[in-house]
Amino acid sequence: MGDSGQRPHYEKMDIDTKGDGAVGKGFRNQVAYCLNNGAPITARVVTAIWAAIEGGLDNALARRIAEWQGAPLADALPLRIAGGLHWLHLTGREPALAPIYRGIGADDVAIITDAMTAHEAQLLPWLDGPPQTNEAGRSSNFIAAMLWLAGKGLPPRFECLEIGSSAGINLMLDRYHYDLGGVQVGPADAVMHFKPEWQGTAPPDRQIEIVSTKGCDVAPVDLTDPNQSERLMAYIWPEHTIRFERMEAAIRAATERKPDLTKINAAEFVERELAKPQEPGTTRMLMHSIVWQYVPADQQERVTAAMEAAGAKATAETPLAWVSVEADRTVHRHNLKVRYWPDGAEATQLTWSHAHGADIEWLGN
């Protein structure tokens, strides 16, 4: 990590931990998470940010980070400021950051300290909200869940509802092609092709159809707006070059046909959509990826209550499924979990996966 010092001690941490020492522990956990997901440059940046603060950087930006009152991991605090620094690099606003992002040895702490000092006013707004980590690679998990649900006998025609859709990149999952352990899904002339490194048996080989996709976000991103897409680019981990290519492909797809995306909070969206009639012979599926940690507790309760109430009314002809891809900070991997009604209301974990879908370990049966 350049000259930023010794590799820090990585601690396991519950995602909702806050209080004394939580911010420093959160930064160390984020470093471990990045390293375990093939992002050494991002780990290097996060390490240097906290080292700069511990080393005496004292301005409004540093104090706001150090005195964070929420749960730093649930709030993705390290990635908020890392996104801002990456933006400074991508837009050429801070050329001194280039050695870090190019993987060249440098005095990371000095460079990051200078950047956080010189660009304090520009970086402060990056702490105001969580990263928009919209990643098409995670859609492989959603497709795998649909195959599994179809294998359980649910109608293989899916009405998809997504909360925390950001720019709606995963709402276009029917336009992508997937090779999941040899099982092929999606059009041959797809906008994007995904073939994650697969471990374990293949998912059920079923013909599935995505009838509709609709999503929501409290701050939806318009991929066709260059300023908004520029911000999304800043949240991409720089070493994952394929993700920049995917973002460009998603922008082209959205330009051709925008995803169905509404500005509304998760609870209101789920309650509203579940109240609508469901076509017999379709599976209504709520899905989300790296979102639940950002949903306020009261909204989590409302979403859960709405799903369980709708699940109690589900039938074999109008089933309901809940598919989530969320981070497990104790192992630095993502897990895919599925609940479905009327028969399988208990959550089943189907996969462990890389943060952005590069590999998937299948646990389903």
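Look a little higher up for the structure.
Residues numbered from 1 in each chain as written. Predicted model: local features only at pLDDT ≥ 70, side-chain atom pairs only at ≥ 80, totals over all residues. Heavy atoms only, no water.

## Regarding the overall build of the protein chain
- On a plain count of helices and strands, the protein chain comes out with 12 helices and 12 strands.
- Taken over the C-alpha atoms alone, the protein chain extends approximately 60 × 40 × 40 Å along its principal axes.
- Of all 365 residues assigned to the protein chain, the portion counted as buried reaches 56%.
- Pairs at least 24 apart in sequence give 71% of the contacts found in the protein chain among residues at least 6 apart.
- Carbon and sulfur atoms provide 49% of the accessible area of the protein chain, an area that totals close to 14900 Å². (Helix = DSSP H or I, 4+ residues; strand = E, 2+ residues; numbered from the N terminus. Buried < 20%, exposed > 50% of the residue type's maximum accessible area, 1.4 Å probe, protein only. Contact = heavy atoms within 4.5 Å. Areas by Shrake-Rupley, 256 points an atom, 1.4 Å probe, with all protein chains shown as cover.)

## Overview of the layout of surface pockets
- Of the voids in this model, the largest pocket is the one considered here, and its volume is about 540 Å³.
- Taken together, 31 residues form the lining of the largest pocket, with Pro130, Pro131, Gln132, Asp217 and Val218 sitting closest to its centre.
- Those elements giving two or more residues to the lining of the largest pocket turn out to be strand S6 (209-217) and helix H9 (226-234).
- A total of 3 residues in the lining of the largest pocket trace back to one element, the largest contributor, which is H9.
- Residues of the lining of the largest pocket, tallied by class, amount to 16 nonpolar, 11 polar and 4 charged. (1 Å grid on protein atoms, 1.4 Å probe; cavity = no way out; pocket = protein on both sides within 12 Å on 5 of 7 lines; lining within 4 Å. Points joined across faces, edges and corners; volume = space filled by probe spheres on them. Nonpolar A, V, L, I, M, F, W, Y, C, P; charged D, E, K, R; others polar.)

## Section: the sheet that holds strand S2 (residues 177-180)
- Spatial ordering of the open sheet is given by S3-S2-S4, a layout of 3 strands whose pairing is mixed. The open sheet is flanked by strand S3 (183-185) and strand S4 (193-194), the only strands paired with a single partner.
- Strand direction decides the pairing type here: S2 and S4, joined by 2 bridges, are parallel. Its bridge partner lying in S4, His177 is registered against His193.
- Across the sheet, helix H8 (residues 139-151) lies against S2, S3 and S4, angled at about 70 degrees from S2, the strand it touches most. (Pairing = 2+ DSSP bridges. Axes fitted to C-alpha atoms, helices over the stretch in contact; angles between N-to-C directions.)

## Some points on the pairing of S2
- Because side chains alternate across S2, one face comprises the buried residues His177 and Asp179, and the other comprises Tyr178 and Leu180, equally buried.
- Bridge count between S2 and S3: 3 bridges; the pairing is antiparallel. Directly across from Asp179, in S3, lies its bridge partner Gln184.
- From the end of S2 to the start of S3, which pair antiparallel, there are 2 residues, and Gly181 there has a positive phi angle of about 60 degrees.

## A few points about the packing of helix H2 (residues 40-54) against helix H4 (residues 77-90)
- At a closest axis distance of 10 Å, the pairing of H2 and H4 adopts a crossing angle of 105 degrees. Classed by the angle they form, the pair H2 and H4 counts as roughly perpendicular. Here Thr42, Val45, Val46 and Ile49 of H2 come into contact with H4, specifically with Pro78, Leu79, Ile81, Ala82 and Leu85.
- Looking at side-chain class alone, the contact of H2 with H4 contains 8 nonpolar, 1 polar and no charged residues. (Parallel < 35°, antiparallel > 145°, perpendicular 65-115°, else oblique.)

## Topic: the environment of Pro238
- Relative to the elements of secondary structure, Pro238 occurs in the loop between H9 and helix H10 (241-256).
- Distance in space between the C-alpha atoms of Pro238 and Leu90 is 9.6 Å, their sequence separation being 148 residues.
- Setting aside residues no more than four positions away along its own chain, Pro238 makes contact with Ile41, Thr42, His86, Tyr101 and Phe244.

## Some thoughts on the side chain of Asn170
- Tracing the chain through its elements places Asn170 in the loop between strand S1 (157-162) and S2.
- Under the relative-accessibility criterion, Asn170 is labelled buried at 1%.
- In this structure Asn170 touches Asn134, Glu135, Ala136, Arg138, Ser139, Phe142, Glu162, Met287 and Ser289, once residues within four positions along its chain are discounted.

## Let's talk about the pattern of salt bridges
- In this structure the tally under the stated criterion is 14 salt bridges.
- Note that Arg157 is salt-bridged to Glu279, the shortest N-O span being 3.7 Å. A residue pair is termed long-range when its members are at least 10 positions apart, and Arg157 in strand S1 and Glu279 in the loop between helix H11 (266-274) and strand S8 (283-289) qualify at 122 residues.
- Look at Arg157 and you get partly exposed, because its relative accessible area is 25%. (Salt bridge = Lys/Arg side-chain N within 4 Å of Asp/Glu carboxyl O.)

## A short note on the packing of aromatic side chains
- Under the definition given, this model contains 9 aromatic pairs.
- Taking the centre distance of 5.7 Å and the plane angle of 40 degrees together, the rings of Trp87 and Trp126 count as tilted. Of this pair, Trp87 sits in helix H4 while Trp126 sits in the loop between helix H7 (120-123) and H8, placing them 39 residues apart in sequence.
- Each ring, one from Tyr176 and one from Phe194, has its centre 5.7 Å from the other, and the planes form 70 degrees; the classification is edge-to-face. A residue pair is termed long-range when its members are at least 10 positions apart, and Tyr176 in the loop between S1 and S2 and Phe194 in strand S4 qualify at 18 residues. Both residues of the pair, Tyr176 and Phe194, count as buried.
- Put simply, the rings of Trp87, Trp126 and Tyr235 pair up and form one aromatic cluster.
- Lying over the aromatic face of Trp126, Arg231 brings its terminal NZ or CZ to 4.0 Å of the ring centre. (Phe/Tyr/Trp six-rings, centres within 6.5 Å; stacked < 30°, edge-to-face > 60°. Lys NZ or Arg CZ within 6 Å of the ring centre and 35° of its normal.)

Nothing here speaks to function; it is geometry throughout.
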